[in-house]
Each structure stands twice: as C-alpha cells, then as structure tokens.
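Letter by letter, the chains look like this.
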Amino acid sequence: MESETTYQLLDGKQTSADIKAELAVEVEKIKAAGGSIPHLAAILVGDDGASHTYVNAKVKACELIGFKSSLYRFDASVTEEELLKKIEELNNDPDLHGFIVQLPLPDHIDEQKIIEAVAPEKDVDGFHPENIGKMALDLPTFVSATPYGIMQLLERYKIDTVGKHCVIIGRSHIVGLPMSILMGKKKNPGNCTVTLCHSRTANIKDFTLDADIIIVALGSAEFLTGDMVKEGVVVIDVGITRVEDNSKKSGYRLVGDVKFDEVAAKSSYITPVPGGVGPMTIASLLMNTLTAAKRGS
Ligand code: GUN
C-alpha cells in the first residue's frame, strides 16, 4: 500500500521572528530597570558578497529588537596585527558585550589565531576553543549560532529526540562536530544515539536509511535524496548553495543539501531552504549577546 506522509515544515523564519520578539521584550525590561542595553559588534574584512549579506542581516536584526550594534570594516589587505589590535580593543571595551569576526578571512590571516584572540566571555559566536570545550562538558557557555539555532527549532517544535538514531552528515567544526555532541547529551533535545557521517563514510545510505533524525551540513546541493531516507524521518538541512537559474532575476536560486520534494514526501518534519536553519542562526547570535549582556551587568 502506498503510504503518504504529510510533513510539517520547521519554519525557521517564523521561529526566529518569535525569538526576536521575545528578545525585544527583554530589552524593554532591561531599559525599565536601568540596565545596559545589549551591544553586539561585528568585524568584517574584505568584500565577500555572502559575508556582507550576513553581517548586514545581523546589524539589521539588532536594530529591530533594540540592541546596540557596531560594525568595523577592514579592507582585504588588512594585516593580522591590525586585526589583532582591533580585537584587543573590543575585548577591553566595557560598553561592548559581545562581538564576532565574520569568516572566512583572507588567506594571509591565520583564522585560528584570530578566533583565539577573542576574549571567551565576548565570543558570542562560540568559536573559541575554551567555549567549545565548555559546550562539550555542559558548562555555561555560548553555543555557536547554527547548532544553537537547530536545537531551538527541535525544542520549540517539541520534536521527540529521546532514544532516536540521529545521523549527522558533515564534521565541520562549526556545525557537524558540535551537533554530534549536542544531540548525544543527557538533555532534551538530545538523548540520541548519534552517528557522524562524513566524506569518508562507506555506504552512507545504510546509515541514513536507519535514521530517525538527519542533520545534513555538507554544502553539497541536493545531496540527500528520497531513496536515502525512511518514512517519518525528521530532516534538518543546513546547506545553502547558489545554483545558476536564469529564470530568476538574480540569476541564481538557493538550494539546500536536501532534494526537498523527494525527501519531504517521506518526512514528518523538515526545514525549508531558505527559511529554515538560516534565519535561526541570527536569532541564536542575538540570544548569546543577551546572555553576555546579562552576565556583564
Ligand atoms: N561565516 C559563516 N558562518 C559564520 C558564523 O556563524 N559566524 C562568523 N563569524 N562567520 C561565519
């Protein structure tokens, strides 16, 4: 018999709007109590189009909810020393609660050195090794934006994760690795049995076909196809790739790591691209900034 699953979208656009509305209420409370308004800064180097788009969206989101924001732009030719000097200045700025250095950086700059120069208590991106260690050990810290956003989506949609088999595809330091830790924690969401798949995994379909939850973070357009998943699966698509499309005014369309129509037909819940994980990352960054501000005051 043909089984037809009707899926529900995990709507990141709506959820992030809900979170921003909650944060705006928090700002009002802080103001009423005479506390310091959360202040986020971003350092942007060079003129990578996607980085500009992301940083502008972060600044706009701050304005929308009443946070203070600052943007420091540097030419792609900036030296590592100049950037380190700026970071030192921001680390010591008592009016600033958190800041990010938008990645990627030009090749002549050592990205790891920059990440480690950010004071852990202002590292609202959660990229500093100290913060990743704390996240792994369940200590209070900043969970980085994409994993935090995914956990928020699972929590707010009350996805049952206990005892489920969660397959994560991709082992990046920013998404796959932290997700594998978070989903296995003795917490909810969490309590999953986790499999971390990557480019060297043999017979990946054997794992994905057994998965109750799949989180795909590969950056490979439409990698996960309908034949790779079972009925009722929960799918989180972290990928976002520009694919040439002359029917669009922009000349491209945005595609995730999931072949949406095929996989959605078998899913219970699935994130769309765009409008899924993407908007959640900004909401998470703002939540971390509020946490930093509360800690500091
Ligand atoms: N580049 C892509 N994603 C991110 C992010 O979450 N933070 C920063 N700083 N750079 C990025």
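Residues numbered from 1 in each chain as written. Predicted model: local features only at pLDDT ≥ 70, side-chain atom pairs only at ≥ 80, totals over all residues. Heavy atoms only, no water.

A. Here's a closer look at the sheet that holds strand β3 (residues 68-74). Strands sit in the order β3-β2-β4 across an open sheet of three strands; the sheet is parallel. The open sheet terminates on both sides in strands that have one partner only, identified here as β3 and β4 (98-101). Pairwise comparison of adjacent strand axes, ignoring direction, gives a mean angle of 15° for this sheet. With four bridges connecting them, strand β2 (residues 39-45) and β4 associate as parallel partners. Its bridge partner lying in β4, A41 is registered against F99. (Pairing = 2+ DSSP bridges. Helix = DSSP H or I, 4+ residues; strand = E, 2+ residues; numbered from the N terminus. Axes fitted to C-alpha atoms, helices over the stretch in contact; angles between N-to-C directions.)

B. Representation of the site of the ligand within the structure. Around the ligand, the surrounding shell consists of K58, V101, Q102, L103, D125 and F127. Contact between the ligand and V101: a nitrogen atom at 2.8 Å from a main-chain N or O atom of the residue. Q102 is positioned with one of its side-chain polar atoms (N or O) 3.3 Å from a nitrogen atom of the ligand. For the ligand, the protein covers 79% of the area, taking 280 Å² as the surface of the free molecule. A majority-of-atoms criterion places the ligand in the largest pocket. Here the shell around the ligand is built from residues that sort into three nonpolar, one polar and two charged. (Near = heavy atom within 4 Å. Polar contact = N/O pair within 3.5 Å; in protein donor to acceptor, adjacent residues only side chain to side chain. Areas by Shrake-Rupley, 256 points an atom, 1.4 Å probe, with all protein chains shown as cover. 1 Å grid on protein atoms, 1.4 Å probe; cavity = no way out; pocket = protein on both sides within 12 Å on 5 of 7 lines; lining within 4 Å. Sits in = over half its atoms within 2 Å of the grid points. Nonpolar A, V, L, I, M, F, W, Y, C, P; charged D, E, K, R; others polar.)

C. Geometry of the pattern of salt bridges. Within this structure, the stated rule accounts for 13 salt bridges. Where D95 meets K68, a salt bridge forms, and the shortest distance between an N and an O atom there is 3.0 Å. Pair noted here: D95 is in the loop between α3 (80-91) and β4 and K68 is in strand β3, with a separation of 27 residues, a long-range link. When its relative accessible area of 37% is taken as the criterion, D95 is described as partly exposed. The class of K68 is partly exposed, set by a relative accessible area of 36%. In this structure, a network of salt bridges that share partners links the residues E26, K29 and K294. (Salt bridge = Lys/Arg side-chain N within 4 Å of Asp/Glu carboxyl O. Buried < 20%, exposed > 50% of the residue type's maximum accessible area, 1.4 Å probe, protein only.)

D. Molecular detail of the state of the cysteines. Counted by the stated rule, this structure contains zero disulfides. Free of any disulfide, C197 has its nearest cysteine sulfur in C166, 10 Å distant. With a relative accessible area of 1%, C197 lands in the buried category. (Disulfide = S-S within 2.5 Å.)

E. The arrangement of the packing of aromatic side chains in detail. The final tally for this structure, using the stated rule, is one aromatic pair. Taken together, a centroid distance of 5.8 Å and an interplanar angle of 85° make the contact between Y7 and F260 edge-to-face. Linking Y7 in the segment before β1 (8-9) with F260 in helix α9 (residues 260-264), this pair joins segments that are 253 residues apart in sequence. You can call Y7 partly exposed: its relative accessible area is 37%. When the ring centre of Y72 is taken as reference, the NZ or CZ atom of K86 above it lies at 3.9 Å. Sitting over the face of the ring of F142, R295 holds its NZ or CZ atom 4.6 Å from the ring centroid. (Phe/Tyr/Trp six-rings, centres within 6.5 Å; stacked < 30°, edge-to-face > 60°. Lys NZ or Arg CZ within 6 Å of the ring centre and 35° of its normal.)

It is worth stressing that arrangement in space is one thing and function is another; only the former is reported here.
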